[in-house]
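# An overview of the molecular structure
Spelled out from the first residue to the last, the chains are:
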Amino acid sequence: MRRIVVRRLAQIIPLIFAVIVLNFVLIHLAPGSLFDVMTSEQQVTDPAMLDQLRHTYGVDQPTWLQLAKYIWAVMRLDLGFSYRQNAPVLHVIMEQLPATAILMLAATTIALLVGITAGVLASVKVNTIWDNLISFGAVFFFAAPSFWLGIMMTVLFAVKLGWFPVGGMRTIGADHGAFADALDVMNHLVLPATALGLFYAATYARVMRASMLEVFRLDFVRTARAKGLSSSRVILAHVMRNALLPIVTLLGLQLGTMLGGSVVIEAVFSWPGIGSLLFDSVMSRNFPMVLGVLVLGSLLVAVCNATVDLLYMRLDPRIRVR
Amino acid sequence: MSRFSRREFLMTAAGAALASRFVGSAAAATGPKPGGTLTATWGGFEPQALFVPGGGGSSPYFTSTKVHERLLRLTVGLKFEPVLALDIKPAEDFRSYTIKLRDKVTWHDGKPFTADDVVFCAMDYWKPISAGVSLSALESAEAVDPLTVVLKFKAPVPEFFLKSVLAGKSGLVIPKHIYAGSNIITNPINNTPVGTGPFKVKEWVRGSHVEYLRNDSYWNPGLPYLDRLVIRWWRDPASRSAAFEAGQLDIGTFNPIPIPDIARLTKAGKIVAETKGYSNSAWVATVEFNQRREIFKKREVRQALMHAIDRQFISDTIFFGSARPSTGAVHSSNSIFFTKEVQDYPFDVKKAAALLDAAGYPVKGGSRFKLSLVSAGWFEENVKMGQYVKQAFEDLDITVDLSVPDRATSLKRIYTDYDYDVAISNNSGSIELIPSTTQYYTTDGIVKGAAFRNATGYSNPKLDEIVAKMTVETEEPKRIALAKDFDRLASIEAPILPMVDLEPVTIARTDVRNHSTTADFMGESWAEIWLDR
């Protein structure tokens, strides 16, 4: 177990390095620079001032030197300074990362709960109206773009019914203690997390159903039934546990894409996460911020994937041996 | 009402009643009610910092002006009103101005606001950072006494011009005791600005909102009416519509919702759409012809292409009627300098074709010539305008290569690399034409790498001379005549086609009173807004 953890952590370092180099190159290949955006926003025309700003932002240095300096800084856990936000990169990201983490966590929970339940239900009641309804729902939520789903849910649950707020993470200005605050955040979280989570729930439901049906056919299930176990015990303890492996694989793979999906959901629900920050930073070629988000994002995904690996071993002890 | 003395209340009520004439609501019948929270938004994204000293575009301008005030402001009737300055008087020769400041004004941290602050702003902030081009003639600023400042200039400075600068985007007054000795552009205080304004920053939650609280020691007792102001940001216009419908947004400036939603939202009578309050930041959509290309050195070609574009169609179809075909370089909402006596280019494909034939570009092998058309992708409408203009030019048998790059790429291609033949761009000009409008045409507007300037490379000594005269002409009627000369010449020479004058819309609930009362309302302090609930 410990060996796996150490090995995983060791793999993260070259990964981060690759993320930095690749994204640095990609951003510099895109036409336009932070300098263009900033000077146009600041309406600077004085040539002397332009030169001074070029020097301030460090864009007068050769690209390879900028990259080398950046890598050296990251090695010392310094993600640099964002002139656009007029604040250290790490500071800005840390202000917004928790919101995205909460959103992703909630969306994943919803996706897993809804997806697995629906998949199990569909497989147990295979080829009935239940199965068809769940399959239809899965196709629908898989196909519906999450921004459209988000807006439709806003129109129904926030505008027409008034059950949930239209956007944001907290009731602004309300100051009523930690418990009430947590409830408040949860209230704001319901719509965005559901809109984001249902897409993944759809995949999980499909995969869970298929994998359950496969396990149902195996010999040990027949044995379990033959030895007189109740059908719910067979389903939960024998079939489901074995059918969960592909879900866990999928979960590990999707954590990265979920970060991308949250960009859209954050835009629709004005959720104060790093999604919009990343989007803005790409559009303004603010590479210290883009790299900062990606470095921290890849770290997050790498850690999640390592956790998923540990989950594998818990679910299927045979994996430990290999 | 406990916050007011009776006298103060009557005074402010009178002021509000006066201002509410512009809103034209029933507000005049009842006095303003103090208190409440106003939730506002605008049709764009979150600012990069709450205050960006160099300008930073509309978003930080919106957030910083609730905290930082200016010496003057311009009403919708285009009259200057005192804010931090009580009086600004030119000397006889217009080479110096005496500014009398308001007494008993304090910064949010309790320090007094004095003439030293204004001197600091003039010499260390406005001239080098925010208003360099406008204040190039400024020589010195001197505090005569704690409430009097004298500005001295190298050349005569027209009164309207100087007051426009002081009341404009670049004239924010910032505290000397906080900024002196630091780099103003990177000072961390810019994320929690300290000013003299009616609202204090309580908290900025990045990605979500900024919350302001009433400044209880504001110099105008009784103001602001609101206890709290919240500015929120949504990236998605449809979500802003939903927030209005759900009653979670009170006011949104600069086209906060998709134009087709306006009719639906205002139908129930709870929400109004207001177009006042934008004349000092009037937006236009333009087509610019790159004079570095041999083909556009011929004036006839530029004029021909102007005839090829149906501006009425753009107004009606692309902007759903919330834009008007432009008449010349000056926005039609500019009631001081606007003129109709300019060369017009009515939509006429036949005439355009004839002009191109005469200019030596007949159709050969199915095409006259090939153009690269760059439409700056920062507004959604620019995408559609790009597609329309491509079609319009193709109707003249011109081969068009259209690209709609994102913001950063557009800026680089149009303003830094001049990598385009025809560009569709947008600019916003103030009432005063120098420099925001004239710099698109003058030779000194050509600065490689500086955006929203003369990117076409057009240069004409005659036009430069008119603008130079206008810069030092102190008699208002003569200035207006010069402005009309400028507009006429620009329209004949046609380096740029102003296509449509945009008419931005403010969306507000009907119980939000006393809004849209100044020429650039988004950038006002909003002290006089009140809620009728």
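What comes next concerns the included structure. The structure displayed is predicted, hence computed values, not measured ones. Chains are numbered independently. Their residues run from 1 in the order of the written sequence. Numbering of ligands from 1 and lettering of chains from A proceed in the order in which they are written. Local features in this predicted model are restricted to residues whose pLDDT is 70 or higher, and side-chain atom pairs enter the listing and the counts only when it is 80 or higher, whereas totals over whole chains, interfaces and linings include all residues. Side-chain metrics in this entry use all non-hydrogen atoms of the structure; hydrogen atoms and water are not considered.

### What to know about the pairing of strand β15 (residues 370–375) of chain B
All names here are of chain B. Partly exposed describes any residue whose relative accessible area lies between the buried limit of under 20% and the exposed limit of over 50%, with all areas from a 1.4 Å probe on protein chains only and scaled to the type maximum. Helix and strand assignments follow DSSP, with helices taken as H or I runs no shorter than four residues and strands as E runs no shorter than two, numbered in order from the N terminus. Counted residue by residue, β15 has five buried out of six residues, so it is predominantly covered. Direction of pairing for β15 relative to strand β16 (residues 399–403): parallel, over a ladder of five bridges. The residue of β16 that forms the bridge with L371 is V400. Orient the strands so they point away from the viewer; a crossover is then right-handed if the path from the first strand over the helix to the second runs clockwise. Crossover handedness for the path β15 to helix α11 (residues 380–394) to β16: right-handed. Looking at chain direction, β15 and strand β17 (residues 422–429) are connected through three bridges and run parallel. Paired with L373 across the bridge in β17 is V422. Pairs of strands are assigned from DSSP output, requiring at least two bridges between the strands.

### A look at helix α9 (residues 311–318) of chain B
Residue and element names in this part refer to chain B. Listed as buried for α9 are R311, I314, S315 and I318. When α9 is viewed along its axis, its buried side chains cluster within an angular range of 115 degrees and face the same direction. A contact between two residues is defined here by any heavy atoms of the two lying within 4.5 Å. Looking at the buried side of α9, the elements it contacts are β14 (323–325), α11 and β18 (496–502). Of the residues that open α9, the one with a side-chain oxygen 3.2 Å from the backbone nitrogen of Q312 is D310. Once α9 ends, the next one or two residues include F320, with phi positive near 50 degrees. By arc we mean the arc of the directions from the helix axis to the C-beta atoms, nothing more. Pairs of N or O atoms within 3.5 Å make up the polar contacts considered here, provided that, within protein, one atom can donate a hydrogen while the other can accept it, and that residues adjacent in sequence are counted only when both atoms are side-chain atoms.

### Describing the environment of D348(B)
All names here are of chain B. Relative to the elements of secondary structure, D348 occurs in the loop between β14 and α10 (349–358). Classification of D348 as partly exposed rests on a relative accessible area of 30%. For the pair D348 and D419, spaced 71 residues apart in sequence, the C-alpha to C-alpha distance is 29 Å. A distance of 3.3 Å separates a polar atom in the side chain of D348 from the backbone nitrogen of K350.

### A word on the sheet that holds strand β7 (residues 148–153) of chain B
Adjacent strands of a sheet pair through backbone hydrogen bonds, lying either parallel or antiparallel. Residue and element names in this part refer to chain B. Taking strand neighbours across the sheet as the criterion, the four strands line up as β4-β5-β7-β6 in an open arrangement whose pairing is antiparallel. For this open sheet the edge positions go to β4 (85–90) and β6 (138–145), each flanked by a neighbour on one side alone. Neighbour to neighbour, the strand axes of the sheet diverge by 20 degrees on average, direction disregarded. Summarising the sheet, β6 and β7 pair through six bridges and their orientation is antiparallel. Across the sheet, residue E142 finds its bridge partner in β7, namely V150. The angle between two axes is taken between their N-to-C directions and runs from 0 to 180 degrees, where each axis is a line fitted to C-alpha atoms and a helix contributes only its stretch in contact. Along the sheet, helix α3 (residues 115–130) makes contact with β5 (96–101), β6 and β7, crossing β6 at roughly 170 degrees. Lying over the sheet, helix α4 (residues 159–167) contacts β4, β5 and β7, oriented at roughly 150 degrees with respect to β4.

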